Amino acid sequence: MKIGVSTETFSDLSDELIKEFDIHIIHSSVIMGDEVKTDGLDINSQDVFEYYDKTGMLTRTSAINVSEFTNYFEELLKDYDEIVHISFTSKSSATYFNALKASEEFNGRVLVIDSLSLSTGMGLLALKASDLVREGKMSAPMIKDYLDEYKTRLCVSFVVNTLEYLYRGGRCNGITAAVAKVLQIKPEIILEEGEMHSKNKYRGKDEKIVSSYVNDVLTLFPSPDLDRVFITTSSSDLPLEMREAAESALKERGFKHIYYTVAGATIATHCGPKTLGILFVNSEPTNWKKK
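Residues numbered from 1 in each chain as written. Predicted model: local features only at pLDDT ≥ 70, side-chain atom pairs only at ≥ 80, totals over all residues. Heavy atoms only, no water.

### A short note on the pattern of salt bridges
As a reminder of what qualifies: Salt bridge, as applied in this entry: a Lys or Arg side-chain nitrogen positioned within 4 Å of an Asp or Glu carboxyl oxygen. Numbering of helices and strands runs from the N terminus, with a helix taken as a DSSP run of H or I at least four residues long and a strand as a DSSP run of E at least two residues long. Classification of residues uses two cut-offs on accessible area relative to the type maximum, computed with a 1.4 Å probe and protein chains only: under 20% is buried, over 50% is exposed, and between them is partly exposed.
All told, the structure shown has eleven salt bridges when counted by the stated rule. Here K274 and D206 are joined by a salt bridge, their closest N and O atoms 2.8 Å apart. Pair noted here: K274 is in the loop between α11 (265-271) and β13 (276-282) and D206 is in helix α9 (residues 206-220), with a separation of 68 residues, a long-range link. Look at K274 and you get partly exposed, because its relative accessible area is 26%. Bridged by salt links that share partners, the residues D131, D227 and R228 form one connected network.

Here it is, written out as structure tokens:
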């Protein structure tokens, strides 16, 4: 059986990784004023920030609809016997439910996984799915079962430079955003059971914040899977000092493959510029509540 691995543009995987791991991508739409753009093709994160700076308005995002998924799966199944598709968290979008609905047209040949994640958290699932397909030891249902357990070990978090985008997108209140701006606080946003919550708060120089953030996460989760880690940022022009601070802290912990990626327009619409996150897999289910 020939199995294909698929995910969505929300996974923020680079073109190089998509090619290396033979992953297929369905692109979402981003609305900029009266124009409908395709994330990853004719709009990127910098376009989102420039549009906001120029107009004071956010771009808008939308779920990939059932018809789009149906057409996409139909094309993929010309080349594969079965598809394992990793979808955006069901807690924040209708995308997963639309993918699931579309999959019903294909008599069990398309298996849809609710990642309960976003950005390169989804990407980590896609890379693992690709590993399992290449090993050739599992059927598509077995891969789905494996990933449903694997996703409980994802560690997904970001430090945002501004709460303005989250506030305007309805994901935090005005008082919190205003206080953070006045006090120059950079909050850590974590993904827990598919939903975003705030955790730590940081102040100071960017590179110091990044070092503290990475060390705090790895202190909380001291036994990560050291095979892969993503440094994912929303800005293609992120200050080099921030990237180097994250890479240095991760190399000290012994990660073998450190992937650096820039988020697409959809994720950027919600998190704003200069957001930086590290995303990896734990050796046990992720529990942000532990001390």
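After that view of the structure, there is still more to cover.
### Topic: the nonpolar core
Threshold: For this analysis, a nonpolar core means a set of buried residues of the types Ala, Val, Leu, Ile, Met, Phe, Trp, Tyr and Cys, connected via side-chain atoms within 4.5 Å. Two residues qualify as a contact provided that any one of their heavy atoms is within 4.5 Å of a heavy atom in the partner residue.
Ranked by internal contacts, the top residues of the largest apolar core, which has 54 residues, are I23, F73, I86, L147 and F230. When residues of this core are assigned to their parent elements, the largest contribution, seven residues, is made by helix α5 (residues 120-135). If sequence neighbours within four positions are ignored, I23 has contacts with V5, T7, L13, I18, A126 and L127.

### A look at the side chain of S6
To be explicit about the condition: Polar contact is defined as a pair of N or O atoms within 3.5 Å, subject to the rule that within protein one atom must be able to donate a hydrogen and the other to accept it, and that residues adjacent in sequence are counted only when both atoms are side-chain atoms.
Within the element layout of this structure, S6 appears in strand β1 (residues 3-8). Relative accessible area serves as the criterion here: at 0%, S6 is assigned to the buried category. There is a polar contact of 2.7 Å between the side chain of S6 and the side chain of H85. The contacts of S6, once residues within four sequence positions are left out, are H24, Y72, L76, I83, V84, H85 and I86.

### Comments concerning the environment of G277
Relative to the elements of secondary structure, G277 occurs in strand β13. Residues G277 and T152 lie 125 residues apart in sequence; the distance between their C-alpha atoms is 18 Å. With residues up to four places along the chain from it excluded, the contact list for G277 reads S157, F158, Y213, F230, I231 and T232.

### Things to note about the environment of F97
Among the structural elements, F97 can be located in helix α4 (residues 95-103). In this structure F97 comes out as partly exposed when scored by relative accessible area, which is 45%. F97 sits 32 residues away from N65 along the chain, and the two C-alpha atoms are 9.2 Å apart.

### Observations regarding the sheet that holds strand β9 (residues 186-192)
Spelled out, the test is: Criterion used throughout: strands pair if DSSP finds at least two bridges between them. Between the N-to-C directions of two axes lies an angle of 0 to 180 degrees, each axis being a line fitted to C-alpha atoms and, for a helix, fitted only over the stretch in contact.
One open sheet holds the six strands; their spatial order is β10-β9-β8-β13-β11-β12, and the pairing between them is mixed. Whereas interior strands pair on both sides, the edge strands pair on one side only; in this sheet they are β10 (195-202) and β12 (257-262). Strand-to-strand twist in this sheet, taken as the mean axis angle between neighbours without regard to direction, amounts to 20 degrees. The strands that α5 touches are β8 (154-159), β11 (224-233), β12 and β13; relative to β11, the one it contacts most, it runs at about 135 degrees.

### Observations concerning the packing of helix α3 (residues 66-76) against α4
Counted only if it meets this: Put simply, angles under 35 degrees are roughly parallel, angles over 145 are roughly antiparallel, angles from 65 to 115 are roughly perpendicular, and the rest are oblique. By definition, turning the near helix anticlockwise from the far helix through less than a right angle yields a left-handed crossing, and turning it clockwise yields a right-handed one.
Between α3 and α4, the least distance of the axes is 8 Å, while the angle of their chain directions is 50 degrees. For the element pair α3 / α4, the angle class is oblique. Handedness of the α3/α4 crossing: right-handed. Of α4, the residues touching α3 (which contributes V66, F69, T70 and F73) are T95, N98, A99, K101, A102 and S103.

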